[in-house]
Amino acid sequence: MTDQMVVGAAPAAPTGPADDREADARRTARFRRWRRNALLALGWVAIYLVWEFGSWWFGSRLLPRPHEVFASAVEIVESGNFVTDFSASVLKTFAGFGVAAAVGAPIGYLMGRYNYWRAFFHDGVTIAGTIPAIVYAVMSLIVFGLSNFGPILAVALVSAPYVALNVAEGIRGVDRQLITMSEAFGRTPAQIRRQVLIPTIVPFVFAAIRMCFAVAWKVEALTEVFGGRNGVGFQIRTEYQLYDISAVLAWTVLFIAFMLVIERLVLAKAEARLLSWRPEERGAAL
Amino acid sequence: MAVLTVQNLSKTFNLGTARESRVLDDISFEVKGQTFVSIVGPSGCGKSTLLNIISGVEEHTSGDISLTSDAGGPARMGYVFQDPRLLPWRSVMQNMMYVQDDQSPATVSRAKEYLDMVGLAKNADFFPGQLSGGMQQRVGIARAFAVEPDLLLMDEPFSHLDAITARGLREQLQDIWAQSKKTVVFVTHDVVEAVELSDRIIVLQPGGLIYEDITIDLPRPRRQTDKNVATLQAEVLARLEKLKAMSVAEPVA
Ligand SMILES: Nc1ncnc2c1ncn2[C@@H]1O[C@H](COP(=O)(O)OP(=O)(O)OP(=O)(O)O)[C@@H](O)[C@H]1O
Ligand SMILES: [Mg+2]
């Protein structure tokens, strides 16, 4: 007992140097943050300068200057076209995802669950995932011509293989022990599917959607350029036909900004929310 | 409570290409009433396999198993595993309810009661990842009790825990068991633990035969620090001395 007391009563380590080290670490961290932000700002300045130089080199008729594009963008936003066409494009992108999930997830489930289905689908899905997006865009146009379904189909075709492969990967990674546990407690196959299998694959589906999203909205816009009746791609084509280059660029810039916001904020937030059970995801500010 | 009858139970695993391994060899025993039975034996002698066969997760090769509720009719089972086996994406309470057949308010409050008994009432809304290993294991124990099983199967539930936590949980387990009328089959490789907890110890030897069937007649509640518990532990250990020399059987061709 006594020697335990001695251990307990050992003098506390002097606090001075530790405090100093902590302050040092804080200073270093602050400096690193500052340097990173400065470089970020410098990067934007560089983009601006390159653009200005390009406008001067090619002439502002061919490559409008940044402030002209900006003015054009303001006009677009003020006209209200922005809202209708953007929502059209976004809706088509997500509709395409919906189709991709509806087709890709069951295929992925079969591939992950049964070896013979895996044998059946594997090469086909892999090939489908390797076909260039532009081919899907062209094919969709051939199928649907001038309509809203072309872009939806293109997005679906580009995304479905990714969804299938990721879901298959997720199912194969399912924790066998949780299945045994469920069976020991007499859970039905339907309950096991809902409570064990589906939650296992959700992160994989999200990974697939985020991976596809970067490609999908470009394909969507591209398909609209050739065969859309509304949406951002359609507007870009219209402005191109009017030879209003600064409007073309303005639509492009707005679209990029908008999609990045969706990607970084909406998708990331939704993922963090759905996966909030993961300890490391909790409270992660995004 | 349940009546569990195991008769001439054998199990061989098929190892492919005409090789097989006999894990359980002609085992018979009966357990009934509010009895706490431990299955002990060296690693690899088929304890987990026996439990999995009783629970129906695994098939047996020959022999008979019958399980009926004391009240007649099919018996309900609960299972506590070596690891917690909680759904990481469901809260503690959702995990408790996942294994329940009905989601009525009465069942919910019963689940809460058992959570309270293992001292985790405050953590009902936590995700498993936010609990320590010992706390997760306690959820696993509460989950199994909360289905009010006639037969409770436990497979080395404390072996992953530190000595102090394990000791606390053993005491908790005895108290909960004393309050609820259940037949328990408890697997462990720890003879000392088995003596503290059980009314009866079935000792398996390598090759899956029953080596001894020992009755433990000590007053409850028992504590690890009790003199008579310690004495009997030493006695049982001495009786199993010969088991040490037996090596785990090789798979037979
Ligand atoms: N699916 C399986 N296929 C083939 N052999 C198996 C299988 N499962 C278990 N075995 C074998 O059966 C024997 C008994 O395994 P079991 O898990 O029942 O042992 P145990 O007594 O629980 O051991 P431990 O105390 O280490 O948990 C082991 O030799 C093991 O290799
Ligand atoms: Mg085991």
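Quantities reported herein were computed from a predicted structural model and do not represent experimental measurements.

The rules behind the values
- Residues numbered from 1 in each chain as written.
- Chains lettered and ligands numbered in written order.
- Predicted model: local features only at pLDDT ≥ 70, side-chain atom pairs only at ≥ 80, totals over all residues.
- Heavy atoms only, no water.
- pLDDT = per-residue confidence, 0-100.
- Helix = DSSP H or I, 4+ residues; strand = E, 2+ residues; numbered from the N terminus.
- Contact = heavy atoms within 4.5 Å.
- Near = heavy atom within 4 Å.
- Polar contact = N/O pair within 3.5 Å; in protein donor to acceptor, adjacent residues only side chain to side chain.
- Areas by Shrake-Rupley, 256 points an atom, 1.4 Å probe, with all protein chains shown as cover.
- Nonpolar A, V, L, I, M, F, W, Y, C, P; charged D, E, K, R; others polar.
- Pairing = 2+ DSSP bridges.
- Axes fitted to C-alpha atoms, helices over the stretch in contact; angles between N-to-C directions.
- Parallel < 35°, antiparallel > 145°, perpendicular 65-115°, else oblique.
- Left-handed = near helix turned anticlockwise from the far one by under 90°.
- Core = buried A, V, L, I, M, F, W, Y, C linked by side-chain atoms within 4.5 Å.
- Buried < 20%, exposed > 50% of the residue type's maximum accessible area, 1.4 Å probe, protein only.
- Patch = residues over 30% accessible without salt bridge, like charges linked within 9 Å, V, L, I, M, F, W, Y side chains within 5 Å.
- Salt bridge = Lys/Arg side-chain N within 4 Å of Asp/Glu carboxyl O.

Asker: So what's going on with the confidence of the model for chain B? Residues and values would help.
Answerer: All names here are of chain B. Here chain B shows a mean pLDDT of 88. Residues at 70 or above account for 96%. No element of chain B has a lower mean pLDDT than helix α7 (residues 227-239), at 86, and none a higher one than helix α2 (residues 92-98), at 96. Between residues 248-253, whose pLDDT stays under 50, and residues either more than four places distant or in other chains, the model counts 10 contacts. Predicted complex metrics record ipTM = 0.87 and pTM = 0.76.

Asker: So what about the site of ligand 1? Which residues, and what values?
Answerer: Residue and element names in this part refer to chain B. Residues in contact with ligand 1, as listed here, are Phe-13, Leu-15, Val-23, Ser-43, Gly-44, Cys-45, Gly-46, Lys-47, Ser-48, Thr-49 and Glu-156. One nitrogen or oxygen atom from the side chain of Ser-48 is found 2.7 Å from an oxygen atom belonging to ligand 1. Thr-49 places a polar side-chain atom, nitrogen or oxygen, 2.5 Å from an oxygen atom of ligand 1. Burial of ligand 1 by the surrounding chains reaches 61%, relative to a free accessible area of 640 Å². With three residues, helix α1 (residues 47-55) is the single largest residue contributor to the shell around ligand 1. For the shell around ligand 1, a count of residues per class yields four nonpolar, five polar and two charged.

Asker: Can you break down the sheet that holds strand β4 (residues 62-69) of chain B residue by residue, with the values?
Answerer: Residue and element names in this part refer to chain B. If you walk across this open sheet you meet the three strands as β2-β1-β4, and the pairing is antiparallel. Strands with a single pairing partner mark the edges of an open sheet, and in this sheet they are β2 (20-32) and β4. Within this sheet the neighbouring strands show an average axis-to-axis angle of 15°, counted without direction. By the bridge criterion, seven bridges tie strand β1 (residues 2-14) to β4 in an arrangement that is antiparallel. Along β4, the bridge assignment pairs Ser-10 with Ser-62. Seen against the sheet, α1 touches β1, β2 and β4 and runs at an angle of roughly 120° to β1.

Asker: Give me the sheet that holds strand β8 (residues 200-205) of chain B: which residues, what numbers.
Answerer: Sheets are built from strands paired through backbone hydrogen bonds, the pairs being either parallel or antiparallel. Residues and elements named next belong to chain B. Spatially, β5-β6-β7-β3-β8-β9 is the arrangement adopted by the six strands of the open sheet, whose pairing is mixed. One side of each edge strand has no neighbouring strand; the edge strands of this open sheet are β5 (77-80) and β9 (209-215). Pairs of neighbouring strands in the sheet enclose a mean axial angle of 15°, with direction left out of account. Two strands pair when backbone bridges link them, and strand β3 (residues 36-40) and β8 are joined in this way by four bridges, in the parallel orientation. Across the sheet, Ser-38 pairs through a bridge with Ile-201, a residue of β8.

Asker: Just give me the short version of the packing of helix α8 (residues 176-184) of chain A against helix α9 (residues 189-227) of chain A, but keep the residues and values in it.
Answerer: Residue and element names in this part refer to chain A. Where α8 contacts α9, the axes come no closer than 10 Å and their chain directions differ by 155°. By the angle between their axes, α8 is roughly antiparallel relative to α9. Judged by the twist between their axes, the crossing of α8 over α9 is right-handed. Every residue of α9 that contacts α8 at Leu-178, Ile-179, Ser-182 and Glu-183 is listed here: Ile-192, Val-196 and Leu-197. Split into classes, the residues belonging to the contact of α8 with α9 amount to five nonpolar, one polar and one charged.

Asker: Before we move on, can you summarise the nonpolar core with the specific residues and values?
Answerer: By size, the foremost hydrophobic cluster in this structure holds 107 residues, and its most contacted members are B:Leu4, B:Phe29, B:Leu115 and B:Leu151. It is α9(A) that provides the largest number of residues to this core, a total of 12 residues. Those residues in contact with B:Leu115, other than ones at most four positions away along the chain, are B:Val92, B:Met93, B:Met96, B:Leu120, B:Ala121, B:Ala124 and B:Ala142. B:Val40, B:Val195, B:Val203 and B:Leu240 belong to the second largest nonpolar core, which has 15 residues in total.

Asker: Which residues make up a nonpolar patch on the surface, and what values go with them?
Answerer: Residue and element names in this part refer to chain A. There is a patch of nonpolar side chains on the surface, built from Ile-127, Ile-131, Ile-134, Val-135, Val-138, Met-139 and Ile-142 and spanning about 610 Å² of accessible area. In terms of residues, the nonpolar patch owes the most to one element, helix α6 (residues 133-144), which gives five residues. Along the chain, the position of Met-139 falls in helix α6. In this structure Met-139 comes out as partly exposed when scored by relative accessible area, which is 40%.

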